[in-house]
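# What the coordinates show
Chain by chain, the residues:
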Amino acid sequence: EAQVTQNPRYLITVTGKKLTVTCSQNMNHEYMSWYRQDPGLGLRQIYYSMNVEVTDKGDVPEGYKVSRKEKRNFPLILESPSPNQTSLYFCASSSSSGLRSGYTFGSGTRLTVV
Amino acid sequence: GESVGLHLPTLSVQEGDNSIINCAYSNSASDYFIWYKQESGKGPQFIIDIRSNMDKRQGQRVTVLLNKTVKHLSLQIAATQPGDSAVYFCAVLSGNTGKLIFGQGTTLQVKP
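Residues numbered from 1 in each chain as written. Chains lettered and ligands numbered in written order. Predicted model: local features only at pLDDT ≥ 70, side-chain atom pairs only at ≥ 80, totals over all residues. Heavy atoms only, no water.

Within chain A, the secondary structure is distributed over zero helices and 11 strands. Taken from N to C terminus, the helices and strands of chain A fall in the order β-β-β-β-β-β-β-β-β-β-β. For chain A, the C-alpha radius of gyration of 13 Å lies close to 13 Å, the compact-globule estimate for 114 residues. Each of the three principal axes of chain A carries a C-alpha extent, and together these read 40 × 30 × 25 Å. In chain A, buried positions account for 51% of the 114 residues. When the accessible area of chain A is evaluated, it comes to approximately 5300 Å², of which 50% is carbon and sulfur surface. In chain A, the 13 positive side-chain charges and the 9 negative ones have mean positions that sit 4 Å from each other. (Helix = DSSP H or I, 4+ residues; strand = E, 2+ residues; numbered from the N terminus. Rg over C-alpha atoms; globule rule 2.2 N^0.38 Å. Buried < 20%, exposed > 50% of the residue type's maximum accessible area, 1.4 Å probe, protein only. Areas by Shrake-Rupley, 256 points an atom, 1.4 Å probe, with all protein chains shown as cover. Lys, Arg positive; Asp, Glu negative; His and termini not counted. Charge placed at Lys NZ, Arg CZ, Asp CG, Glu CD.)

Written out as structure tokens, the structure is:
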């Protein structure tokens with residue numbers, strides 16, 4: 001089944017403790033992206049990657065890092081999480097030739113930073 | 001920057017009625033639009049899309065209408081069912097980086 005898989009689904013952590021949210025897709029998509037979803041603010045792009053070793057900032061990149069060493073994986077790294085990064089996170093992918101074909105989203109990771 | 005807005009945060013309809021969810025966008029150069037459905041505890045799911053060279057596109061029980069003159073997009077759901085209860089987002093492709101700009105979302109509630 002074609003899908004985007006995120007792990008973990010739920011995570012509670014403490015301020016300053018580094019964490020990684022993994023994202024993997026099995027559709028051979030070139031394009032991958034991370035979004036965060038907050039009440040009243042909707043979905044906002046954090047980082048995106050057009051292909052392997054090519055990443056760039058979205059609208060809200062502060063406090064986050066990403067890497068794209070392989071086509072299928074696009075982990076989101078929080079080096080020193082803070083409470084304002086408590087949010088619902090979504091990874092998404094799309095074929096670059098089909099950027100005009102919409103994204104496939106993962107099921108989300110609900111992160112709480114205390 | 002580009003923005004996307006929805007007219008109603010919540011829409012309540014009777015089962016079997018038609019639903020219309022509206023969306024407005026700011027950039028007249030936008031050329032690709034998508035509607036997503038998000039059920040509780042899940043990621044957004046693609047429903048239907050439309051390119052700027054079209055005014056209307058139909059899917060199964062859904063129709064998207066695009067009015068480029070007033071920069072308005074709508075999603076029509078025919079014979080709304082309880083399974084249609086969800087949050088619906090419109091999204092606009094921005095620039096050439098593949099970024100989708102999302103609206104705030106409309107919660108559709110279907111009354112039995």
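Time to look at unusual backbone geometry. A cis amide bond links Asn7 of chain A with the next residue in sequence, Pro8 of chain A, at an omega value of 0°. Looking at the secondary structure, you find Pro8 of chain A in the loop between β1 (4-7) and β2 (10-13). Of note, the phi angle at Asn28 of chain A is positive, near 60°, even though the residue is not glycine. Of note, Asn28 of chain A is situated in the loop between β3 (19-25) and β4 (31-38). By relative accessible area, which is 52% here, Asn28 of chain A ends up exposed. Phi is positive for Ala79 of chain B, which is not a glycine, with a value near 50°. If you trace the backbone, Ala79 of chain B turns up in the loop between β8 (72-77) and β9 (86-94). Take Ala79 of chain B: its relative accessible area is 36%, and that puts it in the partly exposed class.

Attention now goes to the pattern of salt bridges. Residue and element names in this part refer to chain A. Overall, the coordinates contain 11 salt bridges over all chains when judged by the stated rule. Between Lys65 and Glu79 there is a salt bridge whose closest N-O contact spans 2.8 Å. Of this pair, Lys65 sits in strand β7 (residues 65-66) while Glu79 sits in the loop between β8 (76-78) and β9 (87-94), and the two are 14 residues apart along the sequence. For Glu79, a relative accessible area of 36% gives the class partly exposed. (Salt bridge = Lys/Arg side-chain N within 4 Å of Asp/Glu carboxyl O.)

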